[in-house]
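Topology and contacts: notes
This is what each chain is made of:
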Amino acid sequence: MTGAALALDTSGSFCSVAILRPDGQVFESSSSGEGDHFERLPSLVDEALCAAGLGVSELEEILVGVGPGSFTGLRIGLSYAKGLATELRVPLQGVSSFDALAAVGLAQAPEATGVVAVSDARRDEVFIAAYERRADGTAGRRVAGPEIVSISALGEAPWAAQGRVWLSPLVAFALPGSELKTTPSLGRGILLCRPPKASFSLADIAALEPSYLRAVAAKTIAERLQGA
């Protein structure tokens, strides 16, 4: 038996939440994919907790997707997770949103040999990572990325490998020649990638940052306004 955990991801179109009960059952809630993370996240957490029959004070751990993905979305999710973890005095850990996407994708597509996780990086580029199914058939093993790649280079290895499902956390996103699928269940995917439970640490909570990949995205608003 393990304590109750909250997992959330706001890296893409969906605001995705999942609750792991101590008995191992998972309860999910998610937005419709309109990117309304700021408005929906607290209510979605409440919905998932209610469905699980738990109160917020019963959470013993929080996990949050750290990207790559939307700059604004990642900041919203991380700020909420940090505030709640600090209030409850429970450990907070970051999980790659792409690892979560691959894990839930492989669980949903047992015929797939792997997953290519991809999201819009703008400038005719994408955030991308490739995964192959582990020998035990569970979560994927990352074999490339995450990195920023030009859309024109997506026909090259390892992105061109056969048998991999292409998944994106974005609803309104398309790539030439690729059949992109999407899923709102990144919260469940984060639970599938759940690392060993850490100890509560305010320093660790404060130090947790999103995985932007593009250095300019990590600049503060003030730095960008100053042209730094």
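Read on for a plain summary of the structure. Bear in mind that the values here come from a model prediction, so they are computed numbers and not experimental data. (Residues numbered from 1 in each chain as written. Predicted model: local features only at pLDDT ≥ 70, side-chain atom pairs only at ≥ 80, totals over all residues. Heavy atoms only, no water.)

Where charged atoms from two side chains of opposite charge come close, those side chains can pair. For the structure shown, the criterion picks out 10 salt bridges. Here Arg75 and Glu209 are joined by a salt bridge, their closest N and O atoms 2.9 Å apart. One end of the pair, Arg75, is in helix α2 (residues 71-88); the other, Glu209, is in the loop between α5 (202-207) and α6 (221-225), and 134 residues separate them in sequence. The exposure class of Glu209 is partly exposed, given its relative accessible area of 41%. The shortest N-O distance in the salt bridge between Arg214 and Glu125 comes to 3.1 Å. Residue Arg214 is found in the loop between α5 and α6, and its partner Glu125 is found in strand β7 (residues 125-133); the two are separated by 89 residues along the sequence. Via salt bridges that share partners, Arg75, Lys82 and Glu209 belong to a single interconnected network. (Salt bridge = Lys/Arg side-chain N within 4 Å of Asp/Glu carboxyl O. Helix = DSSP H or I, 4+ residues; strand = E, 2+ residues; numbered from the N terminus. Buried < 20%, exposed > 50% of the residue type's maximum accessible area, 1.4 Å probe, protein only.)

Before going further, it helps to examine the pairing of strand β9 (residues 164-168). Looking along a regular strand, one sees side chains alternate from face to face of the sheet. Counting buried positions along β9 yields five of five residues, so the element is predominantly enclosed. Judged by which residues are buried, β9 turns out to be covered on both faces: Arg164, Trp166 and Ser168 on one side and Val165 and Leu167 on the other are all buried. Summarising the sheet, strand β6 (residues 114-122) and β9 pair through four bridges and their orientation is parallel. Its bridge partner lying in β9, Val115 is registered against Val165. With three bridges joining them, β9 and strand β10 (residues 180-182) adopt parallel strand pairing. Among the inter-strand pairings, Trp166 is bridged to a residue of β10, identified as Leu180. (Pairing = 2+ DSSP bridges.)

Leu6, Val17, Ile19, Ile62, Val64 and Leu92 are the most contacted members of the largest nonpolar core, which totals 26 residues. At the level of elements, β1 (4-9), β2 (16-20), α1 (37-52), β4 (59-65) and α2 are the ones that each hand at least two residues to this core. It is α1 that contributes the most residues to this core, six residues altogether. Discounting chain neighbours no more than four positions away, the residues touching Leu6 are Val17, Ala18, Ile19, Val45, Leu59, Glu61, Ile62, Leu63 and Leu84. Residues Ala112, Ala121, Phe127 and Val165 belong to the second largest nonpolar core, which totals 15 residues. (Core = buried A, V, L, I, M, F, W, Y, C linked by side-chain atoms within 4.5 Å. Contact = heavy atoms within 4.5 Å.)

Time to look at helix α3 (residues 97-108). An ideal rise of 1.5 Å per residue puts 16 Å on 12 residues; α3 measures up with 16 Å between its terminal C-alpha atoms. Within α3, nine of the 12 residues are buried, which leaves the element mostly enclosed by the surrounding structure. For α3, the full list of buried residues reads Ser97, Phe98, Ala100, Leu101, Ala102, Ala103, Val104, Gly105 and Leu106. Put simply, Ser96 is the residue that caps the front of α3, since its side-chain oxygen is 3.2 Å from the backbone nitrogen of Phe98. (Expected span 1.5 Å × (residues − 1). Polar contact = N/O pair within 3.5 Å; in protein donor to acceptor, adjacent residues only side chain to side chain.)

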